[in-house]
Amino acid sequence: MVERRAHILGTGLIGASIGLALRHAGWETVGWDPDPMALQLAESRSAIVRPGGKEPEAGVDLVVLAAPPSEIVETLATLETTALVTDVAGVKGSVVAAAAHLPRFVGGHPMAGGAGGGAALASSRLFHGASWVLTTDGAADADLTSMEDIVRSLGANPLRMTAAEHDAAVAVISHLPHLLAATLMRMASNDERGLALAGGGFRDLTRVAGSETGWWTEILLSNAGEVGEAIRGIETELARLSQALASGDRETLRSILEQARTARAGLGEHHTQVRVVLVDRPGEIARVGHALERSRADVRDFQLRHGEHGGGGILTISVSPATAEVLGLALLEEGFEVET
């Protein structure tokens, strides 16, 4: 079988992870990044076979633009290639418009990432189980099908949408939650004693507030119209809640909470949390590691909450739902107290 080649422009977390995943799927990958150290790191991680130029090489099958939206738009303005081109920007309207001159372009947005960045944190499994939006605006059906096949080979689930549909959706499910997390953290940080009460629920709600601010500033400004609309929508919802509280309207309050509970239940879970009680003695984490090794659990995240004055704490392990029970049993056999 002839080896396919991809040229990746931008070798940060997402670009390098795509490189690793493509290589795992049998592709040859060439990369470029404006930061020589980032490019060197991507090569050392084997995300790319070798460095390339900013212009796509002749004969490549796929060009991936993995940079902030403004840089992608700038690159697209002068890009000339007959290869299939895609991108990973979290805002699609401006990107699709900038790519209108290309004969083969399918906008993309993998719904995966992390609070940290850079090729050092890249993983070939970053996209496993994640949705990956592919924009239909001006795209040939054959190119959309090709991109769907590529996305599936990386472990993700392709989803066709228009750029406008995408930007309106992410304003509500991604961009607005980030602003809410930032707002909650700013409010809570005004009271150190109150912040000390923060438990798992608050930490989950505000996790994204720890993300890199420069990147998020650009994303939010790039989708300012839709984000503004989402803010106005939540202002309306909060005003309704405020009115119900002020008037003692128990039925309206209960109805709002019940609608949200029902909708959340229908969302399903990407992971299940297993909580392990740790005591203050040597080897506790090693014993957890032994249980993880024995259970072969599909781990998605860790969160350790220390005791205020020593004495261990609670380790929350997020795993795929299918592996939660076997991990719980392995931890019990290691002598841990487990909460699920």
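Because the structure is a prediction, the values reported are computed rather than measured.

Some remarks on the packing of aromatic side chains
When we look at a pair of aromatic rings, we describe it by the centre distance and by the angle of the planes. If you walk through the whole model with that rule in mind, you get two aromatic pairs. Between phenylalanine 127 and tryptophan 132, the aromatic rings sit 5.1 Å apart at their centres with planes inclined by 55°, giving tilted as the arrangement. On the basis of relative accessible area, phenylalanine 127 is assigned to the buried category, the value being 0%. Considering the side-chain rings of tryptophan 215 and tryptophan 216, the 5.3 Å spacing of their centres and the 85° angle between planes classify their relative orientation as edge-to-face. Residue tryptophan 215 is classed as partly exposed on the basis of its relative accessible area, which comes to 39%.

Overview of the environment of glutamate 293
Relative to the helices and strands, glutamate 293 resides in helix H12 (residues 284-295). Looking at glutamate 293, the relative accessible area reads 60%, which means it is exposed. Sequence separation of glutamate 293 and glutamate 74 is 219 residues, and the distance between their C-alpha atoms is 46 Å.

Some words on helix H13 (residues 321-333)
Those residues of H13 not exposed but buried are Thr323, Ala324, Leu327, Gly328, Ala330 and Leu331. One side of H13 carries all its buried residues, which in axial view fall inside an arc of 165°. Along H13, exposed side chains directed more than 90 degrees from the buried face belong to Ala322, Glu325 and Glu333. Buried residues belonging to H13 abut strand S10 (272-278), H12, strand S12 (313-319) and strand S13 (337-339). Downstream of H13 by a residue or two, glycine 335 has a phi angle that is positive, lying close to 95°.

Quick word on the packing of helix H3 (residues 69-78) against helix H9 (residues 213-222)
Direction vectors running N to C along H3 and H9 enclose 65°, while the axes themselves pass 9 Å from each other. Taken together, H3 and H9 sit at an angle that is classed as roughly perpendicular. Judged by residue contacts, Pro69, Ser70 and Glu71 of H3 engage Glu218, Ile219 and Ser222 from H9. Residue composition of the contact of H3 with H9, grouped by class: two nonpolar, two polar and two charged.

What counts and what doesn't
- Residues numbered from 1 in each chain as written.
- Predicted model: local features only at pLDDT ≥ 70, side-chain atom pairs only at ≥ 80, totals over all residues.
- Heavy atoms only, no water.
- Phe/Tyr/Trp six-rings, centres within 6.5 Å; stacked < 30°, edge-to-face > 60°.
- Buried < 20%, exposed > 50% of the residue type's maximum accessible area, 1.4 Å probe, protein only.
- Helix = DSSP H or I, 4+ residues; strand = E, 2+ residues; numbered from the N terminus.
- Arc of directions from axis to C-beta.
- Contact = heavy atoms within 4.5 Å.
- Axes fitted to C-alpha atoms, helices over the stretch in contact; angles between N-to-C directions.
- Parallel < 35°, antiparallel > 145°, perpendicular 65-115°, else oblique.
- Nonpolar A, V, L, I, M, F, W, Y, C, P; charged D, E, K, R; others polar.

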